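Listed here are the chains, written in short residue letters.
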Amino acid sequence: MPAADRHPGGAAQAYPGQRDGSRTSARRNRLGLTARAECNVSRPSRPTLVAAATPPGRSAIAVVRLSGPDAWAILERLTGRDASRWTPRTASVALLRDDTGAPVDEALVLPFRGPNSYTGEDLVELHLHGNPVLVNRVIGLALTYGATPADAGAFTRRAVLAGRMGLPEAEALADLIDAVHPLAASQALGRLRGASRTWAESRRRDLTELLAQLEAAVDFPEEPISPEQGTALALRVDELANRLDDEARRASAARVWTRGARLVLLGAPNAGKSTLLNRLVGEQRAIVSQEPGTTRDWVEAATTIGRLPVQLVDTAGLRDAPGSVEREGVERSRGQAAEADLLLLVAAPDAPWPDAEPLPPSITTLRVWNKSDVAPPPTPDWIAVAARDGLGIEALTDAIEQRLPLPEDQVQLGSLRQEQTCRVAAEHVRAAAMAIRADAPPEIVAEELRLAARALDRLLGIIDPEDVLDELFSRFCIGK
Ligand SMILES: Nc1nc2c(ncn2[C@@H]2O[C@H](COP(=O)(O)OP(=O)(O)OP(=O)(O)O)[C@@H](O)[C@H]2O)c(=O)[nH]1
Ligand SMILES: [Mg+2]
C-alpha cells in the first residue's frame with residue numbers, strides 16, 4: 001500500500017509521479033518541480049527524520065536512517081524504484097541517485113513498514129559506503145525531498161511515544177551504548193530486555209498486597225489490625241524499604257561501569273593533589289609548585305585504572321581563602337566533590353586533612369597520605385604514597401579498584417533518575433513503617449504506600465513520562 005494511502009496528508013502527494021512506478025516519470029518530476037516547492041505542498045504534521053546512525057569518519061559502511069510518513073517516498077526518490085517493489089524487512093542493493101539522476105552511491109537498503117519498525121513508523125535504513133562525503137550527500141538529498149534533520153535521540157523518542165519501547169528500556173539503551181565494560185553492557189542489555197520493568201512491577205505488586213491488607217482495616221474498622229499483625233506488617237514494610245534502598249545503592253555503584261568513574265582529589269593546599277593527578281595520568285597535566293594555592297580551578301584528565309576508564313579531577317586546595325577568586329576556586333572544589341563517584345582525600349605531613357571540612361554524604365572516600373617519603377601516615381587508615389617519586393601508587397590504584405567493584409549479578413536499575421525515584425519510593429515505604437509502629441491510623445500508612453507506588457509508576461514511565469524525555473534524549477547521540 002503506498003505511503004500516502006496509509007498516512008492521510010502524507011507526502012506521497014508531494015512527490016507527484018512516484019506512484020506510477022516508472023523511474024523516468026519519477027525523474028522527470030524530480031526535475032520538473034523544485035524540491036523546496038514540493039515539500040511545501042503538503043507538509044505532514046510529523047516530519048520524516050533523517051540522520052546518520054553511525055559515527056562520522058571513514059568505515060566499511062555507514063548507515064543513514066529515515067523515519068516518518070515520507071520515509072518510503074524519499075526512498076523512491078533516491079532510488080527511482082516504486083514502493084511496491086520494496087519488501088519490508090528485506091535488504092536489497094540499489095543505486096542511489098541525486099536529483100539530476102547522477103549516481104551517488106550503491107547502497108544496501110532495508111525498509112520497514114510501521115508499526116513493525118524501531119520507531120513504530122515507516123523507516124528506511126540505507127547502508128552506504130562509509131565515507132562522510134556520501135553520508136552528507138544522501139542526507140542532503142533526503143532533506144531536499146522533505147525530511148528534517150533528527151535531534152539527538154529523536155528516533156528512540158518516537159519509539160517511546162509510539163509505545164514500541166518503555167522509558168526504563170530507553171534508558172537501558174543509552175546505558176548499553178555508553179557501557180565501558182562488557183559486563184556493564186550485558187547488564188544494560190538485561191534491562192533493555194525488561195529486567196528493570198519486571199523488578200519494579202514486582203515491587204509495585206508488593207505494595208499492592210500491603211495496601212490490600214490496610215484497606216481491609218480501613219473498610220472494617222470493627223476489625224482493627226492487632227498488635228501482632230501490626231508488628232508483622234511493619235516487618236514486611238521494612239523488608240520492602242530495604243529492597244528498594246539496596247537496589248538504588250547497587251544502581252549507583254554500578255553506574256561507574258556504564259560511563260566511567262569520576263575521581264576527585266580533595267585536600268588542603270600543597271598536599272600534592274596536582275602531583276598525584278600527574279602521576280596517575282602519566283603526564284604533566286596540572287601545574288605543580290611549592291606555593292600553596294597553585295591550582296585555582298579544577299583540572300580534568302582521563303586515564304584508566306585497572307579496567308575502568310576514569311576521569312580524574314584535581315581541585316583547588318581547601319582553605320579559608322582571602323581573595324574572591326580563591327574563594328570561588330574552593331567552592332568549585334566542593335562542587336566537584338559532590339559529583340564524585342569516589343573522593344580521594346589527600347593529605348601530607350605539611351598539609352593535614354581539614355577535619356572541619358564537611359564531606360558530601362553517600363560518596364565513597366579513600367584517604368591518601370602523600371609525601372610519605374617525609375613522614376609516615378599518622379593512622380593506618382591512610383594509604384601511603386609519595387606522588388613525586390611514584391611510591392605506593394600501585395597500592396593506591398588497587399584500593400581504588402576495590403572501592404569501585406564490578407557488579408556481580410544483574411543490576412535492576414540503571415539511570416540516576418531510576419535510582420532517585422526508587423529512593424523516593426523507599427522513603428515513603430519507611431515512613432509507612434514508622435507510621436505503623438506509631439500506631440497511626442491505617443489511612444496514613446496507606447497514603448505513604450500509595451505515594452511509594454506512584455514513585456514506582458514514575459520509574460516505569462507509567463506517569464509523567466514526558467517530563468523526563470527531554471533530559472533523557474539529550475544524552476543520546478544524533479541518529480539514535
Ligand atoms: N617530598 C615530597 N614532596 C612532594 C610530593 N608530592 C608533591 N610534593 C611537593 O609538594 C608541593 C605541592 O605540590 P602540588 O602538587 O602543587 O600540591 P597541590 O595539593 O596541588 O597544591 P595546591 O594546588 O596549592 O592546592 C610541590 O613542591 C611538590 O613538588 C611527594 O611525594 N614528596
Ligand atoms: Mg594543585
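None of the values given here were measured: they were computed from a predicted structure. (Residues numbered from 1 in each chain as written. Chains lettered and ligands numbered in written order. Predicted model: local features only at pLDDT ≥ 70, side-chain atom pairs only at ≥ 80, totals over all residues. Heavy atoms only, no water.)

Enquirer: Explain the pattern of salt bridges to me, using residue names and the numbers behind them.
Expert: For the structure shown, the criterion picks out 31 salt bridges. One salt bridge connects Arg 437 with Asp 238, and the closest N-O pair in it is separated by 2.7 Å. On the criterion of sequence distance, the pair formed by Arg 437 in helix α15 (residues 416–437) and Asp 238 in helix α10 (residues 227–254) is long-range, its members being 199 residues apart. Salt bridges linked by common partners bring Arg 46, Glu 121 and Arg 158 together as one network. (Salt bridge = Lys/Arg side-chain N within 4 Å of Asp/Glu carboxyl O. Helix = DSSP H or I, 4+ residues; strand = E, 2+ residues; numbered from the N terminus.)

Enquirer: I'd love a proper account of the pairing of strand β2 (residues 59–67), names of residues and values included.
Expert: Judged from the 4 bridges that link them, strand β1 (residues 49–52) and β2 form a sheet pairing that is antiparallel. From the neighbouring strand, Val 50 faces β2, where its bridge partner is Leu 66. Hairpin remark: β1 followed by β2, antiparallel, with 6 residues in the connecting loop; positive phi at Gly 57, about 125 degrees. Strand direction decides the pairing type here: β2 and strand β5 (residues 123–130), joined by 8 bridges, are antiparallel. Counted as the bridge partner of Ser 59 is Gly 130 from β5. (Pairing = 2+ DSSP bridges.)

Enquirer: Which residues make up the site of ligand 1, and what are the values?
Expert: Every one of the 23 residues lining ligand 1 counts as a neighbour, but Gly 272, Lys 273, Ser 274, Thr 275 and Gly 293 are closest to it. Between ligand 1 and Ser 274 there is a distance of 2.8 Å, counted from an oxygen atom to a side-chain nitrogen or oxygen. Ser 289 places a main-chain nitrogen or oxygen 3.2 Å from an oxygen atom of ligand 1. Look at ligand 1: alone it shows 640 Å² of surface, and the protein chains cover 92% of it. (Near = heavy atom within 4 Å. Polar contact = N/O pair within 3.5 Å; in protein donor to acceptor, adjacent residues only side chain to side chain. Areas by Shrake-Rupley, 256 points an atom, 1.4 Å probe, with all protein chains shown as cover.)

Enquirer: Would you mind going over the sheet that holds strand β8 (residues 299–305) in detail, with residue names and values included?
Expert: Across the sheet, 6 strands lie side by side as β8-β9-β7-β10-β11-β12; this open sheet has mixed pairing. The two strands at the open ends of the sheet, each matched to only one other strand, are β8 and β12 (383–384). Here 5 bridges tie strand β7 (residues 261–267) to strand β9 (residues 308–314), and the two strands are oriented parallel to one another. Bridging from a neighbouring strand, Leu 265 pairs with Asp 314 of β9. Here helix α12 (residues 273–281) sits on the sheet in contact with β7, β8, β9, β10 (342–347) and β11 (364–369), set at roughly 155 degrees to β9. (Contact = heavy atoms within 4.5 Å. Axes fitted to C-alpha atoms, helices over the stretch in contact; angles between N-to-C directions.)

Enquirer: Could you give an account of the coordination of the magnesium ion (ligand 2), naming the residues involved and the relevant values?
Expert: Ligation of the magnesium ion (ligand 2) by protein atoms is provided by Ser 274 (OG) and Thr 295 (OG1), these donors lying 2.0 to 2.1 Å from the ion. Of the two residues, Ser 274 is situated in helix α12 and Thr 295 in the loop between α12 and β8; the sequence distance between them amounts to 21 residues. For Thr 295, a relative accessible area of 14% puts it in the buried group. (Donors = N, O, S within 2.8 Å, 3.2 Å for Na, K, Ca; no water. Buried < 20%, exposed > 50% of the residue type's maximum accessible area, 1.4 Å probe, protein only.)

Enquirer: Can you break down the layout of surface pockets residue by residue, with the values?
Expert: Within this model, the largest pocket holds a volume of roughly 1,200 Å³. If you go around the largest pocket, you meet 44 residues; those closest to its centre are Ser 252, Arg 255, Arg 259, Asp 341 and Glu 419. When contributions to the lining of the largest pocket are tallied by element, the ones reaching two or more residues are α7 (167–178), α10, α11 (256–259), β7, β9, α15 and α17 (465–474). By residue class, the composition of the lining of the largest pocket is 18 nonpolar, 8 polar and 18 charged. Each of domain 2 (182–254 + 414–474) and domain 3 (258–403) contributes no fewer than three residues to the lining of the largest pocket. Approximately 420 Å³ is the volume found for the second largest pocket. In this structure, the second largest pocket is lined by 26 residues; those nearest its centre are Asn 270, Gly 272, Thr 275, Ser 289 and Lys 371. Residues belonging to the lining of the second largest pocket are distributed by class as follows: 8 nonpolar, 12 polar and 6 charged. (1 Å grid on protein atoms, 1.4 Å probe; cavity = no way out; pocket = protein on both sides within 12 Å on 5 of 7 lines; lining within 4 Å. Points joined across faces, edges and corners; volume = space filled by probe spheres on them. Nonpolar A, V, L, I, M, F, W, Y, C, P; charged D, E, K, R; others polar. Domains from an automatic or database assignment.)

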